Amino acid sequence: EPPQAIVVNMNDYFNEDNGTAQQKLQLILKKSVVPGYDPSQYSSHREFVLSRDGKNRIPVTLVYHKNITFPPTSPDNNYNGKKSNKVHPLHLYGYGSYGDSCECDFDPTRLPLLDRGIIYAIVHVRGGGEMGRQWYEDPKHGGKYLSKRNTFFDFIDVASHYSTGESKITNSSLLSIEGRSAGGLLIGAAINQEPELFKCAILGVPFVDVLCSMIDSTIPLTVGEWEEWGNPNEEYFFEYMKGYDPMRNVKIDGTYPSCLLTGGLHDSRVQYWEPLKFAAELRHAQDSDKSGPVCLKMEMSAGHFSASDRYKYLKELAFDYAFLLDQLGLVMRRTKQGEEENPV
C-alpha cells in the first residue's frame, strides 16, 4: 500500500472485560495517491532460502503482478494459488552492509517492472540487520570483517535457488541483479564468482575498488570505514579483502552479464574513478564475444545519492530501467494497430 498516516487506539488490541482479543481499530488520516495504481492487481510475500552451509535461512521478499504463476512445488499458502512451470524475469536487489535493513516499503517506481511481468525481490543478505545484530556482527556467521564473504554467498545462493531445481521461477537469461554503493560491491563480487548465472547487472555508485580505497588513510572517510571492512594495512585483513575485491577478481575471458555502472563526479563516499576502473577492467578481461555490453554513465553534477531534483531522479531511474528492459528483451513494442505489446 502507498504511505499512510493513521491513528491506532492501542487499547483496542485487548478486551479487559472478557479477556479476549479484539480487532484493532485505526483511522486513516492521509494516504498518498498513486495515479493508476490498483492494489488488487499485485501481491507480495516473504520466504526463506537455506544458505550453502545449511545453518542460516536467508529472508527474501518478493512482489509481483497477480498474473504471475509459480512452480507446482511452491507452498500452498504462497503465490495466490497460481502455479505452473513457466519461468519469469526476476530482478534481485541487495545491500547487506553496516547492519542496515532493506525495508520492504511501497515504491511506485517498481510498478513499471511489475506490469511487464518482472518479479522484484529484495534479498536480505547477511551484513544487514534484518535478522538481528548477529546477522551483521557474528564473527563466523555474520556479514562484516572476516565473515564478509557470507554476504556474497547468500546473494548467489538465492539466485541459484530461483534459477535451478524444484523452486525454479527464472533462468539465467531472465535473471537481473542490482545494488548501490556497498550493494554495488555485492553485485561486483557476485558477477565475479558466478558470471554466467546472471543476464544483467546494475551497479549504482559501486564500491568496487576496496583495497585501494581502504589502504589509503588520506582519503576522507577511509579510517572510519575500517570499522566495517577491516584495515588492509594488517596482513590478514589484506589477504581476506583481496579475495573478494571486485577489481582484483575479474575472470580473464569470463562470460559476464550486461553491466551498467553509474557514478557521480562529486561523490565523496565512492569516488568516481571506482566505477571507471571497474568498467575498464571488465571490458579488458572478459570474453567480448560472449559477454554482454559494459556501459558506464557518469553524472557530472551529482554526488553519492544521485540527483536531488525529483524529476531528474526519475529520469535517471528511467535510464536504468530502459537498460534493464532492453537487455532482458522486455521492451514494449507497438503493433501495426498502434497498441503496445508486452513481450512477456
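What you see is a predicted model; the values in this text were computed from it and never measured. (Residues numbered from 1 in each chain as written. Predicted model: local features only at pLDDT ≥ 70, side-chain atom pairs only at ≥ 80, totals over all residues. Heavy atoms only, no water.)

J.: Looking at this structure, how should I read the pattern of salt bridges?
T.: Opposite charge on two side chains allows them to pair when their charged atoms are near. Enumeration over the complete set of coordinates arrives at nine salt bridges. Here R126 makes a salt bridge to D53, at a shortest N to O gap of 3.9 Å. Linking R126 in the loop between β8 (119-123) and α2 (134-137) with D53 in the loop between β5 (42-50) and β6 (57-65), this pair joins segments that are 73 residues apart in sequence. When its relative accessible area of 2% is taken as the criterion, R126 is described as buried. Each member of the salt-bridge network shares a partner with another, and the members are D209, D245, R248 and K277. (Salt bridge = Lys/Arg side-chain N within 4 Å of Asp/Glu carboxyl O. Helix = DSSP H or I, 4+ residues; strand = E, 2+ residues; numbered from the N terminus. Buried < 20%, exposed > 50% of the residue type's maximum accessible area, 1.4 Å probe, protein only.)

J.: I'm lost on the sheet that holds strand β11 (residues 258-264) in this one. Help?
T.: By definition, the strands of a sheet pair up through backbone hydrogen bonds, in either a parallel or an antiparallel sense. Ordered in space as β5-β6-β8-β7-β9-β10-β11-β12, the eight strands form an open sheet in which the pairing is mixed. Strands with a single pairing partner mark the edges of an open sheet, and in this sheet they are β5 and β12 (294-299). On average, each strand axis in the sheet is inclined to that of its neighbour by 15°, with strand direction left out of account. Relative to strand β9 (residues 175-180), strand β7 (residues 90-94) runs parallel, the two sharing four bridges. Residue pairing in the sheet places Y93 in a bridge with E178 of β9. Docked against the sheet, helix α4 (residues 182-193) engages β7, β9, β10 (200-204) and β11, running at close to 145° with respect to β9. (Pairing = 2+ DSSP bridges. Axes fitted to C-alpha atoms, helices over the stretch in contact; angles between N-to-C directions. Contact = heavy atoms within 4.5 Å.)

J.: Please explain helix α9 (residues 310-328) as it appears in this structure.
T.: Since the α-helix packs 3.6 residues into each turn, any two residues three or four apart lie on the same face. Helix length check: α9, at 19 residues, gives a terminal C-alpha distance of 27 Å against a target of 27 Å (1.5 Å per residue), a fit within 8%. Of all the positions in α9, only E316, L317, D320, Y321, F323, L324, L325, Q327 and L328 are classed as buried. Tucked into the core, α9 has its buried residues touching β7, α1 (111-114), β9, β10, β11 and β12. Just downstream of α9, G329 is the residue with a positive phi angle, here 70°. (Expected span 1.5 Å × (residues − 1).)

J.: What is the right way to look at the packing of aromatic side chains in this model?
T.: One pair of aromatic rings is described through two measures. These are the centre distance and the angle between the planes. The full count for this structure, using the stated rule, is 10 aromatic pairs. A centroid spacing of 4.7 Å and a plane angle of 35° characterise the contact between Y236 and F237, whose relative ring orientation is tilted. Since its relative accessible area comes to 11%, F237 is described here as buried. It is R126 that lies over the ring of W135; its NZ or CZ is 5.9 Å from the centre. (Phe/Tyr/Trp six-rings, centres within 6.5 Å; stacked < 30°, edge-to-face > 60°. Lys NZ or Arg CZ within 6 Å of the ring centre and 35° of its normal.)

J.: Got a minute to help me understand the nonpolar core in this structure?
T.: Nonpolar side chains in soluble globular proteins generally cluster together in the buried interior. Among the nonpolar cores identified, the biggest contains 76 residues, and L92, F155, I191 and F278 are the most heavily contacted of them. Considering each element in turn, this core owes the most residues, seven residues, to α4. In contact with L92, other than residues within four places in its own chain, are A121, V123, F155, A159, L175, S176, I177 and E178. (Core = buried A, V, L, I, M, F, W, Y, C linked by side-chain atoms within 4.5 Å.)

J.: I would appreciate a short explanation of the side chain of T151 in the present structure.
T.: Following the sequence through the fold, T151 ends up in helix α3 (residues 149-163). Among the residues examined, T151 registers a relative accessible area of 0% and is labelled buried. Not counting residues within four places of it along the chain, the set of residues in contact with T151 comprises Y95, G96, V125, R126, G127, G143 and L186.

J.: So what exactly am I meant to see when it comes to the pairing of β7 here?
T.: As a general feature of sheets, a regular strand has side chains that alternate between the two faces. For β7, a buried count of five out of five residues is recorded, marking the element as mostly surrounded by other parts of the structure. Sheet topology note: the β7/β8 ladder contains five bridges and is parallel. Looking at the pairing, L90 lines up with I119 of β8.

J.: Looking at this structure, I do not really get the pairing of β11. What am I missing?
T.: Taking burial as the measure, the seven residues of β11 include seven buried ones, the bulk of the element. Relative to β11, β10 runs parallel, the two sharing five bridges. Among the inter-strand pairings, A201 is bridged to a residue of β11, identified as C259. The β-α-β motif built from β11, the intervening helix α8 (residues 273-285) and the parallel element β12 has right-handed crossover chirality. (Right-handed = clockwise from strand over helix to strand, strands pointing away.)

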